[in-house]
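The lines below spell out each chain.
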Amino acid sequence: MAPDPRGHSAIPGATPYDTGGDTAPEALLSAAGRYRRLGRLDEAERTLERAVEITRDSEPSQDAHLRALDALAELLRFRGRYRRSDEILRSALSLAEETPGAGSLAVARICNSLGVLHKYTGRFEESESFYSRALAILEADLGDEHPFTATLYHNLGGLNHARGTHAQGEPFARRSVEIRRRTHGPADPELAADKAALAAIVHALGDLDEAERLLVEALAVFETRLDQDDYEVASCLNNLASIHYSRGGFEAAEAGFRKVLAIKEGCLGPAHPELAVALNNLAMTLWKRGRPEAAVPVFERAIVLLNTEVDRDQPVRLACLRNLQTCRSSM
């Protein structure tokens, strides 16, 4: 079973790049955001590429250029094009280290984005290195009670969950919840995301009751503030289905994982590598319900989706391969 903690791919709220002006780059970035929210991802990508192009050689637009690169890389990660996203972020990091400098908030933002990307690709040591660098900058510049800093605590908790070091991740995840509970309202989606990430960790540590409570609270916020088919809703439903699975409620778990898969396919398309988690969980549930012949093609689909964009030792891919082999043997 693979719970689905979400990483904050960008430092939320006002960023060090905000200019407040209605300049051409700002208008393009704003338009790209609207296209993305509407699911018009091709238009969003073209708009961000245009923003990168028009800010590339204009020194006064350095901040806007870095933000355009970061936004384009995040969109490509969301679309499952991990390798291209990595190339863009590393280029942006080199630029930011030159101007405005290695200890700047711009560098922290890009390092955070690289940390998120490499959590997804399974390069956990690189992810931790980027997160730690970003956190050091934020703690020095903004303190350890700032919402931006809470984002890094959230992401370090999620990274430890992904690598299986749950006890190490729990303090980070609880810290992000505490900070955002003080700085945001109880119905804020950022706090809900923090609760959902903490729930995945406490589930792995064996406290199903607290995990369920946190997920129910988070889901209530997401369903009120977001669309019913939003990715955050799918992540919460995935983790609630995982709790059903852990308690032996396999029928409810299967229904939950099928709904998760449908939402994620709607958000991401049928060929996205991030579908692999939902596919693995659905296949495990089918197998547990005595239907290994139905589980095998689901495992196989998950592996195919991961083969082109992640390294061969990426943990979800290895888990799917092991599960497929054992499932076939059971037949």
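For the structure, check the block above.
What counts and how
- Residues numbered from 1 in each chain as written.
- Predicted model: local features only at pLDDT ≥ 70, side-chain atom pairs only at ≥ 80, totals over all residues.
- Heavy atoms only, no water.
- Helix = DSSP H or I, 4+ residues; strand = E, 2+ residues; numbered from the N terminus.
- Rg over C-alpha atoms; globule rule 2.2 N^0.38 Å.
- Buried < 20%, exposed > 50% of the residue type's maximum accessible area, 1.4 Å probe, protein only.
- Contact = heavy atoms within 4.5 Å.
- Areas by Shrake-Rupley, 256 points an atom, 1.4 Å probe, with all protein chains shown as cover.
- Lys, Arg positive; Asp, Glu negative; His and termini not counted.
- Charge placed at Lys NZ, Arg CZ, Asp CG, Glu CD.
- Axes fitted to C-alpha atoms, helices over the stretch in contact; angles between N-to-C directions.
- Parallel < 35°, antiparallel > 145°, perpendicular 65-115°, else oblique.
- Left-handed = near helix turned anticlockwise from the far one by under 90°.
- Core = buried A, V, L, I, M, F, W, Y, C linked by side-chain atoms within 4.5 Å.
- Phe/Tyr/Trp six-rings, centres within 6.5 Å; stacked < 30°, edge-to-face > 60°.
- Lys NZ or Arg CZ within 6 Å of the ring centre and 35° of its normal.
- Expected span 1.5 Å × (residues − 1).
- Polar contact = N/O pair within 3.5 Å; in protein donor to acceptor, adjacent residues only side chain to side chain.

Enquirer: Go over the overall build of the chain with me, naming the residues and quoting the values.
Expert: What the chain contains, in helices and strands, is 15 helices and zero strands. Taking 20 Å as the expected radius of gyration for a compact globule of 331 residues, we find that the chain reaches 20 Å, a close match to that expectation. Counting all 331 residues of the chain, 54% fall into the buried class. Contacts in the chain between residues at least 24 apart in sequence constitute 65% of all its contacts with a sequence separation of at least 6. Total accessible area on the chain stands at roughly 14,100 Å², and carbon and sulfur atoms take up 50% of it. In the chain, 40 positive and 49 negative side-chain charges are present, and the distance between their average locations comes to 4 Å.

Enquirer: Tell me what's going on with the packing of helix α5 (residues 105-121) against helix α6 (residues 124-142), and back it up with residues and numbers.
Expert: Interaxial distance between α5 and α6 falls to 8 Å at its minimum, and their mutual angle equals 150°. It follows that α5 is roughly antiparallel to α6 by the angle criterion. Pair α5 / α6 crosses with left-handed handedness. Touching L105, V107, A108, C111, N112, L114, G115, V116, H118 and K119 of α5 are F124, E126, S127, F130, Y131, R133, A134, I137, L138, D141 and L142, all from α6.

Enquirer: Please set out unusual backbone geometry residue by residue, giving values where relevant.
Expert: Excluding glycine, most residues fall at negative phi; most peptide bonds, likewise, are trans. The omega angle of the peptide bond from T99 to P100 is 20°, so this bond is cis rather than trans. Position of P100 relative to the elements: it lies in helix α4 (residues 82-101).

Enquirer: Got a sec to walk through the nonpolar core? Specific residues and values, please.
Expert: If you look at the biggest cluster of nonpolar residues, it comprises 98 residues, and the most contacted ones within it are L93, I110, L215, F222, C236, L279 and F299. For this core, the element with the highest residue contribution is α5, accounting for ten residues. In contact with C236, other than residues within four places in its own chain, are A196, L215, A218, L219 and F222.

Enquirer: A description of the packing of aromatic side chains should follow, citing residues and the corresponding values.
Expert: Scanning the model with the defined rule gives three aromatic pairs in all. Pairing Y153 with F172 gives two aromatic rings, centres 6.4 Å apart and planes at 25°, and the pair type is stacked. Of the two residues, Y153 sits in helix α7 (residues 147-162) while F172 sits in helix α8 (residues 166-183), which places them 19 residues apart along the sequence. For F172, a relative accessible area of 27% translates into the label partly exposed. Where Y245 meets F250, the ring centres are 5.2 Å apart and the plane angle is 70°; that geometry is what we call edge-to-face. Given the relative accessible area of 15%, Y245 is considered buried. The cationic tip of R36 hangs over the ring face of F78; the distance from NZ or CZ to the ring centre is 4.4 Å.

Enquirer: Explain helix α11 (residues 231-246) to me, using residue names and the numbers behind them.
Expert: In this model, α11 (16 residues) spans 23 Å end to end at C-alpha, consistent with the 22 Å of a helix rising 1.5 Å per residue. Where burial is concerned, most of α11 is hidden: 14 out of the 16 residues are buried. For α11, the N-terminal capping position is held by D230, with its side-chain oxygen 2.9 Å away from the main-chain nitrogen of E232. G248 occupies a position one or two residues after α11 and carries a positive phi of about 90°.

Enquirer: Could you give me a rundown of helix α15 (residues 315-330), with the residues and numbers involved?
Expert: End to end, α15 covers 22 Å across 16 residues, agreeing with the expected 22 Å (1.5 Å per residue, within 8%). Residues of α15 that are buried make contact with α13 (276-288) and α14 (292-306). Sitting at the head of α15, Q314 places a side-chain oxygen 3.1 Å from the backbone nitrogen of V316.

Enquirer: Can you explain the environment of C320? Please cite residues and give values.
Expert: Mapping C320 onto the fold places it in helix α15. Residue C320 is classed as buried on the basis of its relative accessible area, which comes to 0%. With 225 residues separating them in the primary sequence, C320 and L95 have C-alpha atoms 38 Å apart. Each residue touching C320, except ones within four places of it in the same chain, is listed here: N280, F299, A302 and I303.

Enquirer: Can you explain the packing of α4 against α5? Please cite residues and give values.
Expert: Direction vectors running N to C along α4 and α5 enclose 160°, while the axes themselves pass 9 Å from each other. As the angle between them shows, α4 and α5 are arranged roughly antiparallel. Along this stretch, α4 crosses α5, giving a crossing that reads as left-handed. Residue-level contacts link Y82, S85, D86, L89, R90, A92, L93, A96, E97, P100 and G101 of α4 to A106, V107, I110, C111, S113, L114, L117, H118, Y120 and T121 of α5.

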